[in-house]
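A look at the structure
What follows is the residue order along each chain.
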Amino acid sequence: MKLLFTAIFGFFILSVSAQQLNITGTVYDNQNIPLGGVNVVVQNTNLGAISDFDGNFEIQNVPAGATLEFTYIGFKTVTQVVNSSGALTIIMEEDAQALDQVVVVGYGAQKRKEITGAVTVLSAETIEELKPTRVEQALQGQVAGVQVTSGSGAPGAGLNITIRGVSTNGDSRPLILVDGNVIEDLSTISPTDIESINVLKDATAGIYGVRAANGVILITTKSGRKNAPLSLSLNTFTGFQQTSRKIPALNATEYALLVNEARTNGGQAPLFNDVSGLGQGTDWQDEVFKTAARSFIELTGDGGGDKSRYSFSLAYTNQDGIVGGGDKSNFERTTGRLNYQYDILDNLKFTTAAIYTYTDSRGILENAIGSVLYNALNNAPTFAIRDANGDFTLAEGLGNEVINPLAQLENTYNRTKVNKIGGSATLRYEFLDDFAAEARFQGNYSEVDGWFFQPEVFYGSGKVFNIARNAVGESLNTFKDYTFDAFVNYNKSIGDDHNIKATIGTSVFQTVGEFTGSTGFDIPDNDVANASIANATDVIDNFLNVPNTFDARLLSYFARVQYDYKGKYLFSGVVRRDGSTKFGPRNKFGIFPSFSAGWIMSDEAFLADVSWLDFLKLRASYGILGNDRIPDFQFVSLLGGEGEYVIDGNLEQRPTLGVIANPEIQWEQQESFNIGFDSRFFNSRLNVTVDYFNRQTNDLLVSAPISGILGASAPGSLPPIVNAGTVENQGVEFAVSWRGTINEDFRYSISGNMTALRNEVLFVNSDNSFLPGGSFGIGQDFPARMEAGFPIGYFYGLQTDGIFQNQAEIDAHAIQDGALPGDLRFVDVNGDGVIDSNDRTNIGDPIPDLTFGLNFSFEWKNFDFLAYAFGSVGNDIVRNYERNQQLTNRTVYYLDRWTGPGSSNSFPRVTTAATSNTLFSDFYVEDGSFLRMQNLQLGYSFGEDMREKFKLSKFRVYVSIDNLFTLTEYQGYDPTASGGAPIGAGIDQGFYPTPRTFLLGLNIKY
């Protein structure tokens, strides 16, 4: 009996062992070239591997009868059942028409092959290759026609995204949807969570209606797989940041000599009698710039059952500021995301997604006159940081706006906390074979909790930043928005040749908000520890006499028809009727149609024998999109202003009419035309896409300049919004990529894109035929304009023609009051013999003529490398970070000033006397063209032995450098930064530079 039991047990052990197979193999393409990077997964298990550069893979302990699944971008998925150990040879075929994976295009999906609009798709594989730290970096330099610029390098600062140029004087942001939910801040999404990014750039975005006028970015996050166990991934990095540049300023000795020279030239006695002991002095930029820490950690998971699939992530990031350090400048964010799908019935599916974000941030004054960097540049290097008593020195004699930047940081106290949750729930019901009905509810709720403290402080005589009475502010603002979409899709094939898809539906949107806040004064002991409204002796309600709520709504109806004949002649038509509360009853609704068509030429018989051509599609689109991005209720008069009334013999403030109403305002309309082609060659190794576009914005919504006698300058009042302009953007986009293999161990990819753009204002309806904007210096005229025949926001000032070298040149020139040798010589543009404001002309353009991106990556054995650069050509930047007072510091460029005939013909003399050299002219306008090496990344993925030791399917470490260098002639901190409204963009008042970042990261998958 014992012998029988032993025999049975041994047989059982052998049987079990026989069920566990060790599988090896090699993966080739259809030209017998090994494929590295192929994902090999044992279905319904955690087992898997990735083929090496020789195409080889190995998976141990595979159950007999299991199915291996082989996937690789651009190739058809292959499955293979295994029943015995041994080597497999797998041939993967080029996926010529799923090549055309299904992509989201709005209230439905299409095969990529069938898309007739200008749509760029970034897949999860592409994003993984790029390995960006922010979602915007997956777009920056990657998608033709999409420009991504930084508004600031401060912690937590987002990036500005524009698609195909500046098309409006108002809000130019594209619509961003994450799993169908509208979001404004892409920092809430981790790049590793993303399944795909689809960018809709032309009129086909019209299916999303009014909010899509500036383009649409659709982000789909990963949703797990059915019948798959829980899989966990850990992504983390840590590192530090430094300023990418300091503006070279004069040291104390150079400064003293220049001040003495300026005073002598101005008829004053020198200020510094002995400069020999001054030395280098205080480098204020060194004092305010810090090395700042940065870290990130994220846990993601996914899986699924027979009827469900799910995905989730938890992430935390912490970033200190390079100006002021973490005590005064810091950003913390915690995010959580959940996607879940459940098949209630075979034809009834439920999907939900949710994102929660909590941020806690502290910041400093930036990109403004009086900002920390502005003061660091202009404060005198002869001043010490503190005086003999240990107090901060006072910036006496440097003008009313320049103060000690370290004292400014010391007395900066603010904090903003944001709690935000957004989510969506969708029901999809399929019926009658060809129909599917879908209902989707989306919503966002956020609370913004703000606090600041302004201690009583004295920065110097007459300083505008002196605080004579301390104050504390507390605010709590809430924002809510809701979207409900309901639509029906119809999908029918008639025979083998005709395919019809149709969609009809409605969309309802509402956004509301409420602002509350108070300011309290006289905090005990002038101490931040006591800074709360509860401790204030005098409290003012910030919204006592002004509106503190908003409510805007949209009601839309839409229909779309898509048709193709034999899969190669394609047509799509969309019509949408949008109604907005931004407009009065007569203009509330607008109807916006769009059309697109495509021809897949590579499916024609006359191209069937062209072996090197895999795919060629011609496409064109035309449509009109509406835009309503203006403040609410501008068509009626509201009590939003402040007026003084005599009540019972007392003079009191009470509400009065605020913004001047215009009941005639109507929809801004964008008329968009696009024609282009998509092509693939040599087994899809070479991909080329070219587009020509023309987008004309009519009935531009702008704030009209009006006479002051109408009351627009009263407290709480503003000029009316009017339809008063036409702007045109036209250009060419070009994108190309190549993927190749040099040898068995080395494969690489190269890609690039370019957009050439011309922006022009065609019409402005105003009394003087232009709209002014922006600011320069103190008390000067507007430096930017919107005017027909020029780009929107072009710079308008005096044109220079060198430096006056002697009195004879001044006498021979047009009359230029007060000019002396060494002063800037202005061009008499109108030829009237007098230099005055009538000689101002076009002296620059903030909009680049050309933007481009370059990417190179390779994999060699277990190493991977990525280099990514982007740039722009043809844009100008106004240098407005110099205070131009008698005793403020200067940049080292003043060392090349005019000191006598022939000494300089580009940089004027220095003097304390009044001159016209500080007037806005092209002397202050610089070429902002640049090329930035945005990211270098080197990674190493551990092999099978190491992964097996720790039971991991992926184990990768990497080092990364962001913003390694920038090639530019611009003298300021950062040529990539952009701020201000369209009329007033590109004016640098001390941009917070984008930091250079060094990171060490880890990617682990269980």
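Residues numbered from 1 in each chain as written. Predicted model: local features only at pLDDT ≥ 70, side-chain atom pairs only at ≥ 80, totals over all residues. Heavy atoms only, no water.

**Brief notes about the overall build of the protein chain**
Short version of the rule: Counting from the N terminus, the helices are DSSP H or I runs at least four residues long and the strands are E runs at least two residues long. Restricting the calculation to C-alpha atoms gives the radius of gyration, and the globule rule supplies 2.2 Å times the number of residues raised to the power 0.38. For each residue, the accessible area found with a 1.4 Å probe, counting protein chains only, is set against the maximum for its type, and the residue is called buried under 20%, exposed over 50%, and partly exposed in between. Any two residues whose heavy atoms approach within 4.5 Å at even a single point are treated as in contact.
The helix and strand inventory of the protein chain stands at eight helices and 52 strands. Expected size for 1006 residues packed as a compact globule is a radius of gyration near 30 Å; at 32 Å, the protein chain falls within 12% of this value. When the 1006 residues of the protein chain are sorted by exposure, 50% land in the buried category. A separation of at least 24 residues holds for 70% of the contacts in the protein chain among residues at least 6 apart in sequence.

**As for the pairing of strand E23 (residues 435-454)**
To keep it simple, the criterion reads: At least two bridges found by DSSP between two strands are what make those strands a pair.
Note that strand E22 (residues 413-431) and E23 share 19 bridges and pair antiparallel. Bridge pairing in E23 links Lys417 to Asp449. Between E22 and E23, which pair antiparallel and follow one another directly, the connecting turn spans three residues, one of which, Leu432, has a positive phi of 50 degrees. Where E23 meets strand E24 (residues 471-494), 20 bridges bridge the pair, whose relative direction is antiparallel. Looking across to E24, one finds that Gly450 is bridged to Ser475.

**Re the sheet that holds strand E48 (residues 925-927)**
Overall, mixed pairing links the three strands, which are arranged E48-E47-E51 in an open sheet. The sheet terminates laterally at E48 and strand E51 (987-988), the two strands that pair on one side only. As judged from the two bridges shared by strand E47 (residues 876-879) and E51, these two strands associate in the parallel manner. Bridge pairing in E51 places Val878 opposite Ile987.

**Notes on the pattern of salt bridges**
This is how it is decided: Between Lys or Arg on one side and Asp or Glu on the other, a salt bridge is scored when a side-chain nitrogen of the former is within 4 Å of a carboxyl oxygen of the latter.
Per the counting criterion, the structure on display carries 36 salt bridges. One salt bridge connects Lys201 with Glu733, and the closest N-O pair in it is separated by 3.0 Å. Of the two residues, Lys201 sits in the loop between strand E15 (194-200) and strand E16 (216-221) while Glu733 sits in strand E37 (residues 725-743), which places them 532 residues apart along the sequence. Each member of the pair Lys201 and Glu733 is classed as buried. Across the salt bridge formed by Glu882 and Arg879, the nearest N and O atoms sit 3.2 Å from each other. Accessibility classification places Glu882 together with Arg879 in one group, the buried group. Here the salt bridges share partners, and the residues they tie into one network are Arg428, Glu430, Glu438, Arg440 and Asp485.

**Some details on the environment of Arg333**
Note that Arg333 resides in strand E20 (residues 330-345). A sequence separation of 24 residues divides Arg333 from Thr357, and the C-alpha atoms of the two residues are 7.0 Å apart. Sequence-distant contacts of Arg333, defined by excluding residues within four places in its chain, comprise Ser187, Ala315, Tyr316, Thr317, Thr357, Tyr358 and Thr359.

**Quick look at the packing of aromatic side chains**
Put simply, the rule reads: Two rings from Phe, Tyr or Trp (for Trp, the six-membered ring) form a pair when their centres are within 6.5 Å of each other. A pair whose planes differ by under 30 degrees is stacked, one over 60 is edge-to-face, and the rest are tilted. We call a charge positioned over a ring when the NZ of a Lys or the CZ of an Arg lies within 6 Å of the ring centre and within 35 degrees of the ring normal.
Evaluation of the coordinates by the stated rule reveals 40 aromatic pairs. When the ring of Phe479 is compared with that of Phe515, the centres are 5.7 Å apart and the planes differ by 80 degrees; the resulting orientation is edge-to-face. Highlighted residues: Phe479 in strand E24 and Phe515 in strand E25 (residues 498-521), separated in sequence by 36 residues. Judged by relative accessible area, Phe479 falls into the partly exposed class, the value being 28%. Through a chain of ring-to-ring contacts, the aromatic side chains of Phe776, Tyr894, Phe907, Phe920, Phe923 and Tyr924 assemble into a single cluster. Just above the ring of Tyr413 sits the side chain of Lys328; from NZ or CZ to the centre is 3.9 Å.

**Brief notes about unusual backbone geometry**
Despite not being glycine, Arg164 shows a phi value in the positive range, around 60 degrees. Note that Arg164 resides in the loop between strand E12 (159-163) and strand E13 (175-178). With a relative accessible area of 3%, Arg164 lands in the buried category. At Lys566, a position not held by glycine, the phi torsion is positive, near 60 degrees. Structurally, Lys566 can be placed in the loop between strand E27 (549-565) and strand E28 (569-580). Accessibility expressed as a relative area gives 43% for Lys566, which makes it partly exposed.

**Focus on the environment of Asp391**
Looking at the element boundaries, Asp391 is found in the loop between helix H5 (372-378) and helix H6 (405-410). On the basis of relative accessible area, Asp391 is assigned to the partly exposed category, the value being 44%. Along the sequence, Asp391 and Gly871 sit 480 residues apart, while their C-alpha atoms lie 45 Å from each other. Once you skip the residues sitting within four places of it in the chain, Asp391 turns out to touch Ile385 and Arg386.

**Side note on the nonpolar core**
Note the following rule: We call a set of buried residues a nonpolar core when its members are Ala, Val, Leu, Ile, Met, Phe, Trp, Tyr or Cys and they connect through side-chain atoms within 4.5 Å of each other.
Residues Tyr255, Phe272, Leu398, Phe795, Val878, Phe920 and Val925 are the most contacted members of the largest nonpolar core, which totals 33 residues. Listing elements by their share of this core, those giving two or more residues are helix H3 (252-265) and strand E43 (824-826). Sort the elements by how many residues they give to this core and H3 lands first, with five residues. Judged by nonpolar contacts, the second largest core, of 25 residues, contains Trp284, Ile403, Val457 and Tyr970.

**Some thoughts on a nonpolar patch on the surface**
What counts here: The residues that make up patches have over 30% relative accessible area and no salt bridge, and they are joined within 9 Å when like-charged or within 5 Å when they are Val, Leu, Ile, Met, Phe, Trp or Tyr. Here the open area of atoms and residues is found with the Shrake-Rupley method and a 1.4 Å probe, where only the protein chains shown may cover a residue.
Nonpolar side chains collect at one region of the surface, where Phe441, Tyr482, Phe484, Val508, Leu555, Tyr557 and Phe589 lie side by side and expose about 590 Å² of accessible area between them. Listing elements by their share of the nonpolar patch, those giving two or more residues are E24 and E27. By secondary structure assignment, the location of Phe589 is in strand E29 (residues 589-600). Residue class for Phe589 comes out partly exposed when judged on its relative accessible area of 35%.

**Quick look at the pairing of E15**
For E15, the tally of buried residues reaches six of seven residues, placing the bulk of the element in the interior. In the sheet, strand E10 (residues 119-123) pairs with E15 via five bridges, with the strands oriented antiparallel. Its bridge partner being in E15, Val119 is matched across the sheet by Leu200. In this structure, E15 lies alongside E16, joined through six bridges in antiparallel fashion. Counted as the bridge partner of Ser196 is Thr220 from E16.

**Digging into the sheet that holds E16**
By way of backbone hydrogen bonds, the strands of a sheet pair with one another, either parallel or antiparallel. Taken in spatial order, the five strands line up as E10-E15-E16-E13-E14 in an open sheet, and their pairing is mixed. Two strands bound the open sheet, and with one partner strand each, they are E10 and strand E14 (181-182).

**Some thoughts on the environment of Gly304**
If you trace the backbone, Gly304 turns up in strand E18 (residues 292-304). Note: C-alpha distance between Gly304 and Ser231 (73 residues apart in sequence) is 9.8 Å. Not counting residues up to four positions away in its chain, the partners in contact with Gly304 are Arg225, Lys226, Asn227, Ala228, Arg309 and Tyr310.

**Points about H3**
Defined as follows: By this rule, a helix spans an expected 1.5 Å times one less than how many residues it contains.
Under the 1.5 Å per step criterion, the end-to-end length of H3 is 20 Å for 14 residues, consistent within 8% with the ideal 20 Å. Buried within H3 are the following residues: Ala252, Tyr255, Ala256, Leu258, Val259, Asn260, Ala262 and Arg263. Where H3 ends, the next residue or the one after it, Gly267, has phi of about 80 degrees, a positive value.

**With respect to the side chain of Glu604**
Just so we agree on the cut-off: Definition of a polar contact: a pair of N or O atoms within 3.5 Å, with one able to donate and the other able to accept a hydrogen when the atoms are protein atoms, and with sequence-neighbouring residues admitted only if both atoms are side-chain atoms.
For Glu604, the location among the structural elements is in the loop between E29 and strand E30 (613-627). At 2.5 Å, the side chain of Glu604 and the side chain of Tyr569 are in polar contact. Here Trp599 takes part through its side chain, which lies 2.8 Å from a polar atom of the side chain of Glu604. Among residues more than four places away in sequence, those in contact with Glu604 are Lys568, Tyr569 and Trp599.

**What to know about the side chain of Asp343**
Within the fold, Asp343 resides in strand E20. We classify Asp343 as buried; its relative accessible area is 7%. For Asp343, the side chain forms a polar contact with the side chain of Lys226, separated by 2.3 Å. Among the polar contacts listed, one links the side chain of Asp343 to the side chain of Lys349, at a separation of 3.3 Å. Apart from the residues within four sequence positions on either side, Asp343 is in contact with Lys226, Lys307, Leu348 and Lys349.

**Overview of the confidence of the model for the protein chain**
Which entries qualify depends on this criterion: Here pLDDT means the predictor's own confidence in every residue, given as a number from 0 to 100.
When the pLDDT values of the protein chain are averaged, the result is 87; 92% of them are 70 or greater. Every residue in residues 1-18 is under pLDDT 50, and counting partners more than four places away or in other chains gives zero contacts.

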